[in-house]
Structures are given as structure tokens and as C-alpha cells.
Amino acid sequence: MKAVRRWLPWLAAVALFAWLLARVPADALRAALHHSSYWTLAAWVLLSTILVLPLDAYAIAEALTLAGVGRAFRELFLVRGASYLLGLLSYVAGQGGVGVWLVRRGVRASRATGAMLLLMITIGMVLVAVAALGLLADLPEERRRLLLWLTAGACAGTALYLAVIALRPRWL
């Protein structure tokens, strides 16, 4: 039974990957790849994953330490690498996989959830800031005001979200 529990997450990840591949029409995939250099793309994805994974694991280690559930870099490196398979399905599923791992390692579910939400909010705000800066570089003057309002809205929504979490209403 222990062996089954150990292999079940890996089998689930392989099944999810197979499901994704089955959903994409093979002819459409081949036609799309025919117009591109898929070996170059595959090499780039592999290289970027190899370069980003240690940085990702380090960032998660630091964030978890701040959240009071610190774990060793080596452990998180392996867990985050495995969660990249779930990330093929959804970024949130990949992060959720790390949360589930934390719970299985004895962290309270509410603490693990809070730590993962901290990570996702931080990443979301960084993406908003980087996208806004990138758009400002080449956005026509008449659109800049809209961008400012959208960025302010994202910040206000995040602040509201954090306030609701801090209040911990019973109905949630």
C-alpha cells in the first residue's frame, strides 16, 4: 500500500500529461510545428527550465521561511521540479501540489494554503508590475491612463483579497 501511495502522484501526473496530449489534435499540432523550429523551442524550454528551477526553489524556500514553514532548498528543489509536471495542466495546480506536499509533511492545511497564496499573490503582483512597465515602454499616450487604472485596480483587488483573508470570515 505504501508503494502505491508513493507512485500515485507520479501516475496521476503522467495521466494528466497523456490527457493533455490526447485533447490536442495530432494533425493540428504537427501543422503548427511544421511552421516552426520545434527542436529549437524544445531546447529553449529545457534550458529555461534548468535555469529557472533553482531560482524558483530558492524563492519558494525564502517565502516559506517568511510564512513560518521553512524547508530545505534541496527538498524544495525536488518538489518544485516534480510540481512542474502539474504546472503543465495549470500553474495553480503546480503550486497546489507544493501545498499538498507541505500538508503531508506535517504543516497545517491552513498554514500551507496561506503560504502558497502568499507566493501566488506575490508572483501575480510582480507580473502586473512587469507587464505595466513593459506596456508603458511602447503604449500610445492615450492608452496610458487606462493602463494606470487597470494596474491600480489590480493592486486594489489584491489589497481587498488580503483584507478578506486577514478577517477570516466564517462563511469562507
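Residues numbered from 1 in each chain as written. Predicted model: local features only at pLDDT ≥ 70, side-chain atom pairs only at ≥ 80, totals over all residues. Heavy atoms only, no water.

Draft legend 1. Spotlight on the overall build of the chain. If you tally the helices and strands in the chain, you get 7 helices and 0 strands. In the chain, the order of α-helices and β-strands from amino to carboxyl end is α-α-α-α-α-α-α. A compact globule built from 172 residues would reach a C-alpha radius of gyration of about 16 Å, whereas the chain, at 20 Å, exceeds it by more than 25%. Principal-axis analysis of the C-alpha atoms places the extent of the chain at approximately 60 × 50 × 30 Å. A buried classification covers 19% of the 172 residues belonging to the chain. Long-range contacts, defined as pairs at least 24 residues apart, comprise 57% of the intrachain contacts of the chain with a sequence gap of at least 6. For the chain, the accessible surface area stands at approximately 12800 Å², while carbon and sulfur atoms represent 72% of it. Each charge sign in the chain was given a centre, from 17 positive and 7 negative side chains, and these centres are 19 Å apart. (Helix = DSSP H or I, 4+ residues; strand = E, 2+ residues; numbered from the N terminus. Rg over C-alpha atoms; globule rule 2.2 N^0.38 Å. Buried < 20%, exposed > 50% of the residue type's maximum accessible area, 1.4 Å probe, protein only. Contact = heavy atoms within 4.5 Å. Areas by Shrake-Rupley, 256 points an atom, 1.4 Å probe, with all protein chains shown as cover. Lys, Arg positive; Asp, Glu negative; His and termini not counted. Charge placed at Lys NZ, Arg CZ, Asp CG, Glu CD.)

Draft legend 2. Here's a closer look at the nonpolar core. Of all hydrophobic cores here, the largest spans 16 residues; its most connected members are Leu64, Val69, Leu76 and Leu102. Those residues in contact with Val69 that lie beyond four places of it in its chain are Leu64, Val107, Arg111 and Ala115. (Core = buried A, V, L, I, M, F, W, Y, C linked by side-chain atoms within 4.5 Å.)

Draft legend 3. Expanded view of the packing of aromatic side chains. Enumeration over the complete set of coordinates arrives at 1 aromatic pair. Here the aromatic rings of Phe73 and Phe77 are separated by 5.9 Å at their centres, their planes lie at 40°, and the arrangement is tilted. With Phe73 and Phe77 both in helix 4 (residues 73–87) and 4 residues apart, the pair spans about one turn of that helix. Overall, the relative accessible area of 38% leaves Phe73 in the partly exposed class. You can call Phe77 partly exposed: its relative accessible area is 31%. (Phe/Tyr/Trp six-rings, centres within 6.5 Å; stacked < 30°, edge-to-face > 60°.)

Draft legend 4. Quick peek at helix 1 (residues 2–23). Spanning 22 residues, helix 1 covers 32 Å between terminal C-alpha atoms, matching the ideal 32 Å at 1.5 Å per step. Of all the bends in helix 1, the greatest reaches close to 35° and is centred on Leu8; the proline Pro9 follows between one and four positions later. (Expected span 1.5 Å × (residues − 1). Bend = angle between axes of the 7 residues up to and from the residue.)

Draft legend 5. Layout of a nonpolar patch on the surface. The grouping of Trp7, Leu8, Trp10, Leu11, Phe17, Leu21, Leu85 and Leu88 at the surface amounts to a nonpolar patch, some 840 Å² of accessible area in total. At 6 residues, the largest contribution of residues to the nonpolar patch is made by helix 1. If you trace the backbone, Leu8 turns up in helix 1. (Patch = residues over 30% accessible without salt bridge, like charges linked within 9 Å, V, L, I, M, F, W, Y side chains within 5 Å. Salt bridge = Lys/Arg side-chain N within 4 Å of Asp/Glu carboxyl O.)

Draft legend 6. Layout of the pattern of salt bridges. According to the stated counting rule, one finds 2 salt bridges in the structure shown. Measuring nitrogen to oxygen at the nearest pair gives 3.1 Å for the salt bridge that ties Asp27 to Arg30. Of this pair, Asp27 and Arg30 both sit in helix 2 (residues 26–34), 3 residues apart, roughly one helical turn. Classification of Asp27 as exposed rests on a relative accessible area of 60%. Residue Arg80 pairs with Asp56 through a salt bridge whose shortest N-O separation is 2.7 Å. Here Asp56 lies in helix 3 (residues 38–66) and Arg80 lies in helix 4, a separation of 24 residues in the sequence.

Draft legend 7. Up close: helix 4. Compared with the 21 Å implied by 1.5 Å per residue over 15 residues, the 20 Å span of helix 4 between its first and last C-alpha is a close match. Every buried residue belonging to helix 4 is among Leu76, Val79, Arg80 and Ser83, and all of these are buried.

Draft legend 8. The arrangement of the side chain of Ser83 in detail. When you line up the elements, Ser83 lands in helix 4. Note on Ser83: relative accessible area 5%, which makes it buried. Within the structure, Ser83 has its side chain in polar contact with the side chain of Arg80 (distance 2.6 Å). (Polar contact = N/O pair within 3.5 Å; in protein donor to acceptor, adjacent residues only side chain to side chain.)

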